[in-house]
Amino acid sequence: MKALVYHGSGKKSWEEKPKPVIKETTDAIVKILKTTICGTDLHIMKGDLPEVVDGRIIGHEGVGIIEEVGSSVSNFKKGDHVIISCITSCGKCDYCKKGMYSHCEKGGWILGYKIDGTQAEYVRIPYADNSLYPIPEGSDEEALVMLSDILPTGFECGVLNGQVKPGDIIAIVGAGPIGIAALLTSQFYTPAEIIMIDLDDNRLNVAKTFGATHTINSSTENVVEKIMSLTNGKGVDTAIEAVGVPATFELCESIIAAGGHIANIGVHGKSVTLHMETLWSRNITITTRLVDTVTTPMLFKTVQSKKLDPKKLITHRFKLDQIIEAYDTFEHAAKEKALKVILTN
């Protein structure tokens, strides 16, 4: 089969790889129908996650058709259409029993990280019964790709950890796909104002169409001054960091109100400065999290009922064998006006 393979920082290729086979009785082999590229994949390509080895097939999102199942798989059979969760969960370990699937002792986030991932024609999914979701006939599979990762990530790591409440003023730093996912799902809780902050006017304009009440371009405006003018000098109730660089996390520290929540979503490859000299007395809660995908079933229902339309995030479509071109588009998102790309096998 063909797959997108990582060969060290800044190096990738679309090349021939062996088709995956069943290794454990709980495995499934899935033929990829549609997949996408995540900001985390860009972090991998930059070398921010040194655990990723040369030769790894990248990717952790997608929908597909089951090609083969192990003898212990009971929820799925050959021919079933499925959503692939970015998180693999055994369902039996202490962490899984707490709902912390991201820390599963035998799984967690391993796809496209510690084992071969979904940017390929086929993928092996461990613990298939707990790591796949059935797709009803007639569903929009492009929209459902967004349930693999970005919607539960934006919701769990940003909105739930940030404890967004009705009437809150929230700021989301980063108007990329994850930031937009947080913007969309934060509206379940009717915050009074949602302030989106980014360097890219196009993404900020898109954020307005998705429900942002204010936008701030951090390359041309003083964000802290603007936030304080919008909040009577108090700051925001929740600041969601959706980029993963020191400057954006430290910005969240500068705009948070007393008693507020800083919810980190971004994948950080470098250390950040924690400004305890200003935060120590302000009753601030700072949270970190890797998505657990415990909310995927609920989010699936909101998508199926048309209460949530994640397909609006898709800006570019490619064939799977055009993945190098798709990466180039996604890496130059501002120039290409890209949010999510869909790759079809």
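Above: the structure in question.
Let us look at the structure shown here. (Residues numbered from 1 in each chain as written. Predicted model: local features only at pLDDT ≥ 70, side-chain atom pairs only at ≥ 80, totals over all residues. Heavy atoms only, no water.)

### A few points about the overall build of the chain
When you go through the chain residue by residue, the secondary structure sums to 13 helices and 15 strands. Its C-alpha atoms give the chain a radius of gyration of 20 Å, within 12% of the compact-globule value 20 Å for 345 residues. Projected onto its principal axes, the C-alpha coordinates of the chain cover approximately 60 × 40 × 40 Å. In the chain, which comprises 345 residues, the share counted as buried stands at 56%. Taking contacts inside the chain between residues at least 6 apart in sequence as the whole, the part at least 24 apart equals 69%. (Helix = DSSP H or I, 4+ residues; strand = E, 2+ residues; numbered from the N terminus. Rg over C-alpha atoms; globule rule 2.2 N^0.38 Å. Buried < 20%, exposed > 50% of the residue type's maximum accessible area, 1.4 Å probe, protein only. Contact = heavy atoms within 4.5 Å.)

### A few points about the sheet that holds strand E13 (residues 285-287)
If you trace the 6 strands from one edge of the open sheet to the other, you get E10-E9-E8-E11-E12-E13, paired in parallel fashion. Each having just a single partner strand, strand E10 (214-217) and E13 make up the two edges of the open sheet. Recorded for the sheet is a direction-independent mean angle of 15° between the axes of neighbouring strands. Sheet analysis places strand E8 (residues 169-173) next to strand E11 (residues 236-241), joined by 4 bridges and oriented parallel. Looking across to E11, one finds that isoleucine 170 is bridged to threonine 238. Along the sheet, helix H6 (residues 177-186) contacts E8, strand E9 (193-198) and E11; its crossing angle with E9, the most-contacted strand, is approximately 175°. (Pairing = 2+ DSSP bridges. Axes fitted to C-alpha atoms, helices over the stretch in contact; angles between N-to-C directions.)

### Describing the pairing of strand E6 (residues 122-125)
Neither face of E6 is exposed, since Tyr122 and Arg124 on one face and Val123 and Ile125 on the opposite face are all buried. With 4 bridges joining them, strand E3 (residues 28-35) and E6 adopt antiparallel strand pairing. Residue valine 30 lies in a different strand from E6, and its bridge partner there is valine 123.

### Looking at the packing of aromatic side chains
Here the structure, examined in full by the defined rule, presents 3 aromatic pairs. Judged by centre distance (4.1 Å) and plane angle (5°), the ring pair of tryptophan 109 and tyrosine 113 falls under stacked. A single burial state applies to tryptophan 109 and to tyrosine 113, both of which are buried. Both rings, one in phenylalanine 155 and one in phenylalanine 188, keep their centres 5.5 Å apart while their planes meet at 75°; by these two values the pair is edge-to-face. You can see phenylalanine 155 sitting in helix H5 (residues 150-160) and its partner phenylalanine 188 sitting in the loop between H6 and E9, a full 33 residues away along the chain. Members of the aromatic cluster, connected to one another through ring pairs, are Phe155, Phe188 and Tyr189. Across the ring face of tyrosine 122, the terminal group of lysine 19 is positioned such that the distance to the ring centre comes to 4.2 Å. (Phe/Tyr/Trp six-rings, centres within 6.5 Å; stacked < 30°, edge-to-face > 60°. Lys NZ or Arg CZ within 6 Å of the ring centre and 35° of its normal.)

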